[in-house]
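Structural overview for review
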Amino acid sequence: MAEVKSTCCYCGVGCGVIISTDQGQIVGVRGDPDHPANFGRLCTKGANLHRSAVTDTRLLYPELRLNRLEAREKLDWDEALDYAVDRLATTIRQHGPDSVAFYVSGQLLTEGYYVFNKLAKGLIGTNNIDTNSRLCMSSAVSGYKKTLGMDAPPACYDDIEQAKCIFIAGSNTAYAHPILFRRIEAARQANPDLKLIVVDPRRTDTAAVADLHLSILPGTDVALFNAMLHVLLWEGLTDTNYIRRHTEGFEALKETVREYTPAVAAEICGIAAHDIILAAKWFGESGDTLSLYCQGLNQSSHGTDKNAALINLHLATGQIGRAGSGPLSLTGQMNAMGGREVGGMANLLPAHRDMTNPEHRAEVAQLWGVERIPEQQGKTAVEMFEALRQGEIKLIWIVCTNPALSMPDQTKVREALEKAEFVILQEAYRTTETVPYADLLLPAASWGEKEGTITNSERRITHLNPARTPPGAARPDWEIATDVARRLAVKLKSPGGETLFPYSCAEDIFNEHRATTHGRDLDITGLSYRLLEERGPQQWPFPAQAVRGKARLYEDGHFPTATGRARFANTRYQSTAEQTDARHPFHFNSGRLRDQWHGMSRTGTVARLFSHVEEPLLSMNSEDMQRRGLKDGDITRVSSKRGFCTVRIQASQEMRPGQVFLPMHWGSQSMNSPGANALTLSTFDPTSFQPELKHAAVSVEKLPWQWQMVALRRYGALSLLPRVQALLAQFQHATLGLYGHDEAVLVLRVAGDQAIAPELIEKIDQLLGLDDEDASISYQDTKRGISKRILVDQGEVVAARLTGETAARDWLKEMIAAGLPFEQIRLWALAPLNTPPVGGSTRGKIICNCKNVSEQEILAALDQGTDLAGLQDKLKCGTECGSCVPEIKRMLDSRGK
Ligand code: SF4
């Protein structure tokens, strides 16, 4: 057994982990007690990281197809790299540098990001490099730059314990950044006077425990923040001394916010005026307010203004640059910050330099030893895929991201990928939605397999150690990029190009990146791999000679702007890009589940991470459902002007009337449509270029489909996933997922207005091993259109398929997961009834993943009068990672406990 230190790869909290390996395999993970982001704690996703380190769904070798109608063939690395270089060079020669593009990822370590950026901007001479971080935090970047002068979060996690008021806007922190939420819970317990205000259209687990929940209408944040400033002014809660000494532009904003009275904003935001007044008073009177915010502000066509309007409140009250206060944007991905630092975006340059600044371009050219950096901003994410669709970009190299799920307006994005002359996809998994579009697949190393650094939301850099060698021929991202860059430099006869990428290890790249930060706001010239190993993760800036990094920025009130003053942004409320109307009357929103990550390439192989929510469900207010004759479990068609998806519906107390919510994770590898982004629009913020993923106008109609099928398979479920995924598009409605705590059961659910073709049923039977006549038992009621097929192995039921009617599906699924002896269901299996046998109740969803405690079990305990401590004592739920505690508290609240 060996242990190495790394971080969790799932979110910007950047929790430290210790990975255990045995004979080269990852066998366990625990929180690193010394890591300052988490002090040993992990949420449910992080605690299951080792379970995602399976190789069943990994991409193991380079693969190429020369013709899109044919299957890809395996290559060795030399052949793959030569082919990639040939295609790149030919395209560049024929159509110019801007005919190629790179779409990279916040999953890259800083070193990988750095090499790709240099390859595009330094060697090829195109700024067409953008990242999936454009979809999650570019409005935070532009909000900081607009007001504070630089893209630098001024506060830190320790401020949570020091704050007297925590203001969370557009973030379901309990789900998306759970370990920070644990710190908030602990801080509230330690200081019962600490106020928690949450701004969110939904009553999420985060909002439900707040002292004040402002359930604003989607997109109305700027009106709320301006009105809060109005109240702060009215109540004399602004810090005039701070405003006078350290800021500029306040008079114009003051004039603007005059018209944002609480009454006016209440009307716009759909909340009570007195709640706005109360929020402003708590914000201003506390003296130490910490704001945490995320996609609700960022993923908007006015995301920069939303960020800036919130920062205005901190500047106006002087609550910035001191312990317990300040604006702290939360990054979605583990290394979105690292990408910002190396300038790995179409409008940025290394070390927070600006592409529009000729001096900065010249500095970077000199640092890299190239003639020049192109002047023109590259294509940002949405623009990039549109240029691909229009044929302006011919070749795209996609790195560790899944645009065929995560980009808005999937119809256009998929059209772009189909039209591309050549698609290179560097990826760790062969199950993502983008894989079918790839001409050349390059297998990448994944979590636990790479050395490098990441930066978390509080500017803290951690050095990651590899715990195992990558499976198959997979390689670290920086190595792949470096090999291509060297060969391309030769091919393009680039003067001095062959010496541009002299790296023999990740540390060489880190050292070069470090040199680019000299004298910049994020100066890390005092850091090294050795120091990070010896003294642990450090915050930037950390210049040479420094003893430690800076916990907080702007403590002296001096800002990195031309005048040294922070700038108030004169923000005005503008409505969402798309309005609801009679044809599309619902506000559509999407976001995260507690236990899933992004497009599920990692979490989608861990059965227990499906047990909290196991299939895509559209949440709707129960009154809306009643008015429309909808009930829980009905299949609906959700449509926008761009596309549609079919999804089951559930009543949710989280939703206000007129709004619906669908999690972002499910795509066409989990259902028969691209999911939420079939509906979203690609309109983006004019400054941050971040698209409005958080809002679209949709309609919801019931599909009265009666015919159903469920297919279940234990053993080999993971290796079956890709083959069943390939069938999903053939159904009118289908979802595919896993079930189980230790052993995964594959769960395919299908519905339609009529029975699917017998050949398709046969195909499913074949895949699941149900076609084995000797080992399977079948019952057929042709008249009623009902059939059952059960596969038995060594006396246990290991697979089943029910068609026509599936009332027994949940019971059967649980029984298969538990290793049901066939004898117990023999009578049922051969009987006409499809409903579960008498007593066949189900556990329902699992609330506590760590201890495998279900909703039913908690409810039963509550019926006996048990309180939280009693539940934890008796059932042990919520005693390990704590991710389920907010939901348990909600259940207690609903029982008046
Ligand atoms: Fe990973 Fe959870 Fe920590 Fe985020 S909060 S880094 S998902 S363990």
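Everything discussed here concerns the structure shown above.
Notes on the structure in this doc start here. (Residues numbered from 1 in each chain as written. Predicted model: local features only at pLDDT ≥ 70, side-chain atom pairs only at ≥ 80, totals over all residues. Heavy atoms only, no water.)

Quick look at the nonpolar core
Definition in use: What makes a nonpolar core is a set of buried Ala, Val, Leu, Ile, Met, Phe, Trp, Tyr and Cys residues whose side-chain atoms join them at distances within 4.5 Å. Only protein chains enter the area calculation, which uses a 1.4 Å probe; residues under 20% of their type maximum are buried, those over 50% are exposed, and those in between are partly exposed. Note on conventions: DSSP H or I runs of at least 4 residues are helices, E runs of at least 2 residues are strands, and numbering of each starts at the N terminus. Any pair of residues with heavy atoms lying within 4.5 Å of one another is described as a contacting pair.
Core analysis: the largest hydrophobic core is formed by 115 residues, its most contacted members being Phe 116, Leu 119, Leu 224, Phe 225, Met 228 and Trp 397. Counting residues per element, this core draws most heavily on helix H9 (residues 221-234), which supplies nine residues. What Leu 224 contacts, discounting residues up to four positions off in sequence, is Val 199, Leu 214, Ile 216, Cys 269, Ile 271 and Ile 276. Formed by 53 residues, the second largest nonpolar core is a distinct cluster that contains Phe 610, Ile 649, Leu 681 and Val 750.

Focus on the sheet that holds strand E7 (residues 129-131)
The strands making up a sheet associate through backbone hydrogen bonding, with each pair oriented either parallel or antiparallel. As a reminder, the rule being used: Here a strand pair is declared whenever DSSP counts at least two bridges between the two strands. Axis geometry follows a simple rule: fit a line to the C-alpha atoms, using only the stretch in contact for helices, then measure angles between N-to-C directions, giving values from 0 to 180 degrees.
A sheet is described by the order of its strands in space; here seven strands give the open sequence E5-E4-E18-E17-E16-E6-E7, paired in mixed fashion. Each edge of the open sheet carries a strand with a single partner, namely strand E5 (73-74) and E7. Two strands pair when backbone bridges link them, and strand E16 (residues 395-399) and strand E17 (residues 422-427) are joined in this way by five bridges, in the parallel orientation. For Val 399, the partnering residue across the bridge sits in E17 and is Gln 426. Helix H3 (residues 110-124) rests against strand E6 (100-104), E7, E16 and E17 of the sheet, and its axis sits at about 165 degrees to E6.

Focus on unusual backbone geometry
Pro 541 follows Trp 540 through a cis peptide bond whose omega is 0 degrees. Unusually for a residue other than glycine, Ala 351 sits at a positive phi of about 55 degrees. You can see Ala 351 is positioned in the loop between strand E14 (348-349) and strand E15 (353-354). Residue Ala 351 is classed as buried on the basis of its relative accessible area of 0%. Of note, Gln 794 is a non-glycine position whose phi angle comes to about 50 degrees, a positive value. Summarising the element assignment, Gln 794 is placed in the loop between strand E33 (786-793) and strand E34 (796-804).

Concerning the pattern of salt bridges
Our working definition: Throughout this description, the term salt bridge denotes a Lys or Arg side-chain nitrogen within 4 Å of a carboxyl oxygen of Asp or Glu.
By the definition in use, this model includes 62 salt bridges. Among the ionic pairs, Arg 826 bridges to Glu 823, the shortest N-O distance being 2.9 Å. Given a relative accessible area of 37%, Arg 826 falls into the partly exposed group. Via salt bridges that share partners, Glu 614, Glu 615, Arg 648, Arg 749, Asp 810 and Lys 813 belong to a single interconnected network.

A short note on a negative patch on the surface
What counts here: Distance thresholds for patches are 9 Å for like charges and 5 Å for nonpolar side chains (Val, Leu, Ile, Met, Phe, Trp, Tyr), applied to residues having over 30% relative accessible area and no salt bridge. Per-residue and other accessible areas follow the Shrake-Rupley method at a 1.4 Å probe size, with only the shown protein chains counted as cover for residues. For this count, His and the chain ends are skipped, Lys and Arg are scored as positive, and Asp and Glu as negative. To locate a charge, take NZ of a lysine, CZ of an arginine, CG of an aspartate or CD of a glutamate.
Taken together, the side chains of Glu 759, Glu 762, Asp 771, Asp 772, Glu 773 and Asp 774 make up a negatively charged region of the molecular surface. Note that Glu 759 resides in helix H26 (residues 758-768). In this structure Glu 759 comes out as exposed when scored by relative accessible area, which is 57%.

Details of the site of the ligand
Condition: A cutoff of 4 Å decides nearness: a residue is near a molecule or strand if any of its heavy atoms lies inside that distance of it. Residues are grouped as follows: Ala, Val, Leu, Ile, Met, Phe, Trp, Tyr, Cys and Pro are nonpolar; Asp, Glu, Lys and Arg are charged; all remaining types, including Gly, are polar.
Taken together, the residues surrounding the ligand are Cys 8, Tyr 10, Cys 11, Val 13, Gly 14, Cys 15, Leu 42, Cys 43, Lys 45, Gly 46, Pro 178 and Ile 179. For the shell around the ligand, the secondary-structure elements that each account for two or more residues are helix H1 (44-47) and helix H7 (178-190). Across the shell around the ligand, the residue classes tally to nine nonpolar, two polar and one charged.

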